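Chain and residue survey
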Amino acid sequence: MQTENNSVNMDITLVESRIKTLREQLEKSNYEYYVLDQPSMTDIEFDTLLKELDSLEKKYPQFADSSSPTQRVGGEINKDFKQVAHRYPMLSLSNTYSREEITEFVNRAQQSLGVNNLEWVCELKYDGLAISLLYEKGKLVRAATRGNGVTGDDVTANIKTIKSIPLRLIGDNYPEDFEIRGEVIFPHEAFEEFNRKRIENGEEPFANERNAASGSLKLQDSKQVAQRKLDCYLYYLIGDNLKENTHTSRLESAKKWGFKVEKYYSVVQGIDGIMEFINYWETKRFDLPFATDGIVIKLNNINYWNQLGATAKSPRWATAFKFKAEQAQSKLKSVEYQVGRTGIVTPVANFEPVWLGGTWVKRATLNNEQWMQNLNLCEGDTLVIEKGGEIIPKIVECQHDEGLSKDGKLERINFIDTCPQCGAKLVKEEDQSGWYCPNYNHCSPQILGRFQHFISKKAMNIESLGGEKMRYLLNAKKVTDFYSLYTLTEWQIVGVYETNDRHKVSIQDKGAYNIITAIEKSKEVPFERVLYALGIRYIGEVTAKTLARHFSSIDNLRNASIEELQNVQDIGLTTAKSVFEYLHNEENLLQIEKLKSIGLKFEVDSQEINNVLDGKSFVVSGTFSKFSRDELKRTIEMNGGKNVSSISSKTDYLLAGEKMGPEKRKKAESLGIPIINEDDFISMIS
Ligand code: IVH
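Here the structure is a predicted model, which is why all the values come from computation and not from measurement.

Turning our attention to the overall build of the protein chain. Looking only at helices and strands, the protein chain has 25 helices and 24 strands in total. Its C-alpha radius of gyration of 29 Å places the protein chain within 12% of the 26 Å reference for a compact globule of 686 residues. Referenced to the eigenvectors of the C-alpha coordinate spread, the extents of the protein chain come out at roughly 85 × 80 × 55 Å. Expressed as a percentage of its 686 residues, the buried residues of the protein chain come to 49%. Mean positive and mean negative side-chain charge positions of the protein chain (88 and 98 charges, respectively) differ by 1 Å.

If you want it as structure tokens, here you go:
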């Protein structure tokens, strides 16, 4: 008995120490990747460790920790955001577009303090959403938006998904508790990709990165936030027990504790240094990977902060200089319509090239029909184009050339009604803003787009082929459908070439070998990625995963009704219809059969499914402490069980959390259905 107990204890100690090691390794890798920008682990290594940690935490819930790297993937649902009071009011900054007013601000501070040569810290003004993070004993305990400055929304679950924000600090030299503030931003590259996908899916794109960042933090589903690649720069520490007495030494300490702090700051003396900083960033800002709308000037000495104090709205020790959005005018040449891989048609305005924010600009997206109508775009218009903090220029105004109008009427440019590529009549779905070409299987840009998507990294990962070579294999008719990719041989593709404007491109022997090897290797890609690779409208990576796990195979998925599809977590009517239609189209089904025949995976691997719950049905009700309700439901499915919504004599278990309604309990008791708690469930599956 004694020995048995000892061995159990031993195992548990080993588990605990493994969990600790895994957390440390993952935290370190996160920090190196997202804060230092120096990756030290491959994605696969990271995912493998994360998976191991996740399964250990599920199996040994006694070691759960809200700061664990597993908490970053999201999953918590924010029903209503709790209102929380800020410990210190979240003031904003006085601001101006005028250099003179900056000089006046500096002079006022000098006069009030009676000091002439003050030290100023110049920083970038990040164009995102202000956030306040509370740390206690080195752990992130709360994140709140600014709100009205006195109270804000508790957005902790969403903030935890931002990988550059530490959930646990490095070392032990940080104050017991403190607050750090900064800006959540949507970097240009991530934003562009995100908006492109929205347009592709017929969703309204966000007007700018700031709106998109703030919209993201207000999302109810933190899993969706985790997909958005937000970032966060921190620029202001507050607390009663901070020992540093300059702003820059606080920033430097924060950096050592693992924060991604403002890194473009400069310490300058007097007004000349401030102007130099302003002048430099006024033009250089367009080279940054994120939006800034100005610069912030802060006194470096914290004692001066206390001496100067603040007005009701803003501190007297800091102010902001705002950059004017750069504008230029140009004559509209034409409106061109681009067809994306899902058939969405995007209008683009071509105009005479103009110099704007450090580059020549000659085109700008018009997003969709509504956008064009709001601008009231007419033939011969002079466009006012603007580049603000964002990298993408946008058309803000159309000035009509009345002289060009026929019979006193302006010629408004109307959205096209047929596909510019294949001539099919365009269609629009209810509640969607974009028109799309329904000629899915025979419209060339859709075909190319679909192939490029199929071979992309997150789909079949046939990277060595690449988008360009894919195009010329299609043009050379070496490939006609996904299946034909798998019948290619090296000799068929060596020498395939295309001459474009700039150069001749061709596939060499070695390249051909790599391509064929990668194609062959892609047969190992799991079902959820194959499903994503098919390019079904509205099926992104996350939805594909959800569907694959829920239905386990393409056959089950095909047999599901629209209603059954809609019953799956996060699947709405539009997505359900899209999947249903795709899987009831003859051509698509034939393609799937052919792909199955050459070995692509159309069902979840048996080792991924654990059948311990073998068909048992569960009603999950109430709130739980170790898992979210969604996670529990998913775990039930992954273990071969079923979720049902109401208790009947056929229900096998009622998985009861806190705050479960008394009616449910009564009903289960009267039907003799076992009522289990979270821990019982965990032991069932382990
Ligand atoms: S300091 C009490 N530093 O600009 C002063 N703010 O209009 C606290 N912002 O609400 C703010 N970059 O959201 C500071 N480097 C920076 C900033 C910055 C952007 C935002 C912040 C603030 C707003 C003021």
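Per the counting criterion, the structure on display carries 3 cavities of 30 Å³ or more. As a volume, the largest cavity reaches approximately 50 Å³. The wall of the largest cavity is formed by 11 residues, among which Ile-199, Glu-203, Asn-367, Asn-368 and Gly-434 lie closest to the centre. For the lining of the largest cavity, the class distribution of residues is 4 nonpolar, 5 polar and 2 charged. In this structure, the second largest cavity spans a volume of roughly 40 Å³. No other element matches helix α23 (residues 629-638), which puts 3 residues into the lining of the second largest cavity. Grouping the amino acids of the lining of the second largest cavity by side-chain chemistry returns no nonpolar, 2 polar and 6 charged.

In this section: the site of the ligand. Taken together, Leu-93, Glu-123, Leu-124, Lys-125, Tyr-126, Ala-130, Glu-183, Tyr-235, Tyr-236, Val-296, Lys-298 and Pro-315 form the complete shell of residues around the ligand. Here the ligand has 530 Å² of accessible area as a free molecule, and 90% of this is covered by the chains. More than half of the atoms belonging to the ligand lie within 2 Å of the grid points that define the second largest pocket. Across the shell around the ligand, the residue classes break down as 8 nonpolar, no polar and 4 charged.

So, on to the packing of helix α12 (residues 444-455) against helix α13 (residues 466-475). In helix packing, the relevant descriptors are the interaxial angle and the interaxial distance, both defined with respect to the helix axes. For the pair α12 and α13, interaxial distance at closest approach is 9 Å and the crossing angle is 135°. It follows from the interaxial angle that α12 and α13 lie oblique. Two packed elements cross with a definite hand, and for α12 against α13 that hand is right-handed. The segment α12 lies against α13, with Ile-447, Leu-448, Phe-451, Gln-452 and Ile-455 engaging Gly-466, Gly-467, Met-470, Arg-471 and Leu-474. Here the residues of the contact of α12 with α13 sort into 6 nonpolar, 3 polar and 1 charged.

Attention now moves to the nonpolar core. In terms of nonpolar packing, the biggest core is built from 56 residues, with Leu-485, Tyr-486 and Leu-531 touching the most fellow members. If we ignore the near neighbours within four places in the chain, the residues touching Leu-531 are Ile-536, Ala-544, Leu-547, Ala-548, Ile-554 and Leu-557. Of all hydrophobic cores here, the second largest spans 37 residues; its members include Met-275, Ile-295, Ile-302 and Ala-318.

Let us now look at the pairing of strand β21 (residues 617-621). The buried fraction of β21 amounts to 5 of the 5 residues, a majority that puts the element mostly inside the structure. As judged from the 2 bridges shared by β21 and strand β22 (residues 642-643), these two strands associate in the parallel manner. Across the sheet, residue Phe-618 finds its bridge partner in β22, namely Asn-643. Examined bridge by bridge, β21 and strand β23 (residues 653-656) share 4 bridges and lie parallel to one another.

Take the confidence of the model for the protein chain next. Averaged over all residues, the pLDDT of the protein chain equals 89, while 95% of them reach at least 70. Confidence drops under pLDDT 50 across residues 1-8; counting only partners more than four residues distant or on other chains, this segment forms 0 contacts.

Spatial ordering of the open sheet is given by β22-β21-β23-β24, a layout of 4 strands whose pairing is parallel. A single partner strand is all that each edge strand has here, and the edge strands are β22 and β24 (675-676).

Right, let's get into the pattern of salt bridges. One pass over the full model with this rule turns up 34 salt bridges. A salt bridge links Lys-284 to Asp-287; the nearest nitrogen and oxygen atoms lie 3.8 Å apart. The class of Lys-284 is partly exposed, set by a relative accessible area of 34%. Accessibility expressed as a relative area gives 59% for Asp-287, which makes it exposed. Through salt bridges with shared partners, a single network forms among Arg-23, Glu-57, Asp-65 and Lys-139.

Right, let's get into the side chain of Arg-341. Within the element layout of this structure, Arg-341 appears in the loop between β12 (326-339) and β13 (345-356). Here Arg-341 is in contact with Glu-200, Pro-445, Gln-446, Gly-449, Arg-450, His-453 and Gly-535, once residues within four sequence places are set aside.

So, about the environment of Thr-359. Mapping Thr-359 onto the fold places it in strand β14 (residues 359-365). For Thr-359, a relative accessible area of 37% translates into the label partly exposed. Discounting chain neighbours no more than four positions away, the residues touching Thr-359 are Val-354 and Lys-387. Side-chain polar atoms of Thr-359 contact the side chain of Lys-387, separated by 3.2 Å.

Per the counting criterion, the structure on display carries 29 aromatic pairs. Centroid distance Phe-618 to Phe-681: 5.8 Å. Interplanar angle 85°. Geometry classified as edge-to-face. With Phe-618 in strand β21 and Phe-681 in helix α25 (residues 678-685), the pair connects residues that are 63 residues apart, well separated along the chain. Lying over the aromatic face of Tyr-436, Arg-537 brings its terminal NZ or CZ to 3.6 Å of the ring centre. The ring centre of Tyr-538 lies 5.8 Å from the NZ or CZ of Arg-537, which sits over that ring.

Thresholds, definitions, all that
- Residues numbered from 1 in each chain as written.
- Predicted model: local features only at pLDDT ≥ 70, side-chain atom pairs only at ≥ 80, totals over all residues.
- Heavy atoms only, no water.
- Helix = DSSP H or I, 4+ residues; strand = E, 2+ residues; numbered from the N terminus.
- Rg over C-alpha atoms; globule rule 2.2 N^0.38 Å.
- Buried < 20%, exposed > 50% of the residue type's maximum accessible area, 1.4 Å probe, protein only.
- Lys, Arg positive; Asp, Glu negative; His and termini not counted.
- Charge placed at Lys NZ, Arg CZ, Asp CG, Glu CD.
- 1 Å grid on protein atoms, 1.4 Å probe; cavity = no way out; pocket = protein on both sides within 12 Å on 5 of 7 lines; lining within 4 Å.
- Points joined across faces, edges and corners; volume = space filled by probe spheres on them.
- Nonpolar A, V, L, I, M, F, W, Y, C, P; charged D, E, K, R; others polar.
- Near = heavy atom within 4 Å.
- Areas by Shrake-Rupley, 256 points an atom, 1.4 Å probe, with all protein chains shown as cover.
- Sits in = over half its atoms within 2 Å of the grid points.
- Axes fitted to C-alpha atoms, helices over the stretch in contact; angles between N-to-C directions.
- Parallel < 35°, antiparallel > 145°, perpendicular 65-115°, else oblique.
- Left-handed = near helix turned anticlockwise from the far one by under 90°.
- Contact = heavy atoms within 4.5 Å.
- Core = buried A, V, L, I, M, F, W, Y, C linked by side-chain atoms within 4.5 Å.
- Pairing = 2+ DSSP bridges.
- pLDDT = per-residue confidence, 0-100.
- Salt bridge = Lys/Arg side-chain N within 4 Å of Asp/Glu carboxyl O.
- Polar contact = N/O pair within 3.5 Å; in protein donor to acceptor, adjacent residues only side chain to side chain.
- Phe/Tyr/Trp six-rings, centres within 6.5 Å; stacked < 30°, edge-to-face > 60°.
- Lys NZ or Arg CZ within 6 Å of the ring centre and 35° of its normal.

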